[in-house]
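# Secondary and tertiary structure notes
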Amino acid sequence: SDLGTQTMMEVIDREHPGANLPLYRQALDALIAWQQASRPGVLPPYDETLLRRELALFPDWYLTRHKGVAVEGRTRETLDKTFDLIVARNLAAPSVYVHRDFMPRNLMIPTAPGTTPATRLGVLDFQDAVYGPITYDIASLMRDAFLSWEEDFVLDVTVRYWEQARKAGLMDFEDWHSDFGAFYRAVEWMGLQRHLKVAGIFARLTLRDGKPRYLADTPRFIGYIRATASRYRELTPLLRLIDEVEGIQVATGYAFGRI
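Cut-offs and rules
- Residues numbered from 1 in each chain as written.
- Predicted model: local features only at pLDDT ≥ 70, side-chain atom pairs only at ≥ 80, totals over all residues.
- Heavy atoms only, no water.
- Helix = DSSP H or I, 4+ residues; strand = E, 2+ residues; numbered from the N terminus.
- Polar contact = N/O pair within 3.5 Å; in protein donor to acceptor, adjacent residues only side chain to side chain.
- Contact = heavy atoms within 4.5 Å.
- Axes fitted to C-alpha atoms, helices over the stretch in contact; angles between N-to-C directions.
- Parallel < 35°, antiparallel > 145°, perpendicular 65-115°, else oblique.
- Left-handed = near helix turned anticlockwise from the far one by under 90°.
- Salt bridge = Lys/Arg side-chain N within 4 Å of Asp/Glu carboxyl O.
- Buried < 20%, exposed > 50% of the residue type's maximum accessible area, 1.4 Å probe, protein only.
- Expected span 1.5 Å × (residues − 1).
- Core = buried A, V, L, I, M, F, W, Y, C linked by side-chain atoms within 4.5 Å.

## Quick word on the side chain of S140
Tracing the sequence through the fold places S140 in helix α6 (residues 136-142). A distance of 3.2 Å separates the side chain of S140 from the backbone oxygen of F102, its partner in a polar contact. Among all residues touching S140, those that are not within four sequence positions of it are D101, F102, M103 and R194.

Shown next as structure tokens:
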């Protein structure tokens with residue numbers, strides 16, 4: 001099909017998040033339809049081997065080659081324990097078709113001459129699709145590689161996705177059907193895997209492939225990683241490692257006064 005020439009990214013209003021809600025609702029419609037079509041045995045599995053291979057990009061390319069950090073001793077131990085947690089959490093999620101790059105740059109707004117835009121966006125760049133965690137593509141959509149939103153807008157769209165997915169029978173897992181918080185925590189753990197992977201990929205694109213423009217977006221992913229790691233006690237060692245590597249000084253101390 002001819003999906004036109006205009007991507008969702010090209011029409012997004014970065015200054016007014018709420019103005020983009022109709023676009024994101026169209027994106028959710030496309031995502032739900034994609035997931036409802038899922039069948040096992042059609043696409044390669046997003047299994048432990050692939051999850052770990054992607055995670056390894058972070059120490060191999062971002063830490064070692066980009067930052068010059070020796071990944072050994074305490075650093076290696078921290079990463080190994082963190083990666084074990086990430087893999088276990090994400091493999092526990094139900095499996096559907098996973099695009100792996102479901103974001104505004106790959107969503108098209110198809111229009112025919114004399115008509116209004118279609119209600120469902122076209123989807124490009126799905127050659128790396130796999131069968132794996134249902135949490136991946138919504139994490140990819142709302143924690144974009146080239147665009148960041150405030151938490152309230154991320155939650156707004158993610159809740160809308162959750163509600164649609166419930167109606168479609170996609171949230172019938174543990175307490176996800178009744179507890180958005182439980183689902184959102186799983187989305188954050190899936191997003192963390194993606195953020196670590198993409199930081200490694202962007203370093204590789206710069207150092208190996210001569211494409212330095214990607215590294216300019218790496219601070220966005222470091223921010224995503226730190227935000228998630230700061231919310232979970234099990235990820236405190238990872239947060240400390242990231243802060244040390246990035247030279248981030250976290251203010252600590254005590255305040256005395258009236259309560």
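## Some words on the packing of helix α5 (residues 73-91) against helix α10 (residues 236-246)
Across the interface, α5 lies against α10 with an axial gap of 9 Å and an inter-helix angle of 135 degrees. It follows from the interaxial angle that α5 and α10 lie oblique. Considering how the two elements wind past one another, α5 and α10 form a crossing that is left-handed. Of α10, the residues touching α5 (which contributes R74, T75, T78, L79 and T82) are P237, L238, L241 and E244.

## A few points about the pattern of salt bridges
Think of it this way: side chains of opposite charge can pair up when their charged atoms draw near. Applying the stated criterion to the full structure yields 17 salt bridges. A salt bridge links R89 to E234; the shortest N-O distance between them is 2.6 Å. Here R89, found in helix α5, pairs with E234, found in the loop between α9 (218-229) and α10; they are 145 residues apart in sequence, far enough to count as distant. Ionic pairing is found between R160 and D156, a salt bridge with its closest N-O pair at 2.8 Å. Within this pair, R160 and its partner D156 are both found in helix α7 (residues 151-167), separated by four residues, close to a single helical turn. For D156, a relative accessible area of 29% corresponds to the partly exposed category. Residues joined by salt bridges that share partners form a network here, namely R143, E151, E188 and R231.

## Considerations on helix α8 (residues 180-207)
End to end, α8 covers 40 Å across 28 residues, agreeing with the expected 40 Å (1.5 Å per residue, within 8%). Extensive coverage of α8 is indicated by the burial of 23 of its 28 residues. Between the side-chain oxygen of the N-cap and the backbone nitrogen of G181 there are 2.9 Å, and the N-cap of α8 in question is D179.

## Points about the packing of helix α3 (residues 48-55) against α5
It is the contact of α3 with α5, at a shortest axis distance of 10 Å, that shows an interaxial angle of 140 degrees. The orientation of α3 relative to α5 falls into the category oblique. Note on packing geometry: the crossing formed by α3 with α5 is right-handed. Here E48, L51, R52 and L55 of α3 come into contact with α5, specifically with F83, D84, I86, V87 and L91.

## Some details on the nonpolar core
Y24, I138, L141, M142, Y161 and F183 are the most contacted members of the largest nonpolar core, which totals 48 residues. Secondary structure elements with two or more residues in this core: α1 (8-11), α2 (21-36), α6, α7, α8 and α9. Looking at which element gives the most residues to this core, the answer is α8, with nine residues. Leave out the neighbours within four places in its chain, and I138 touches L28, L31, T158, Y161, F183 and V187. Counting residues in each nonpolar core, the second largest holds 34 residues, with Y62, A199, L238 and V245 among its members.

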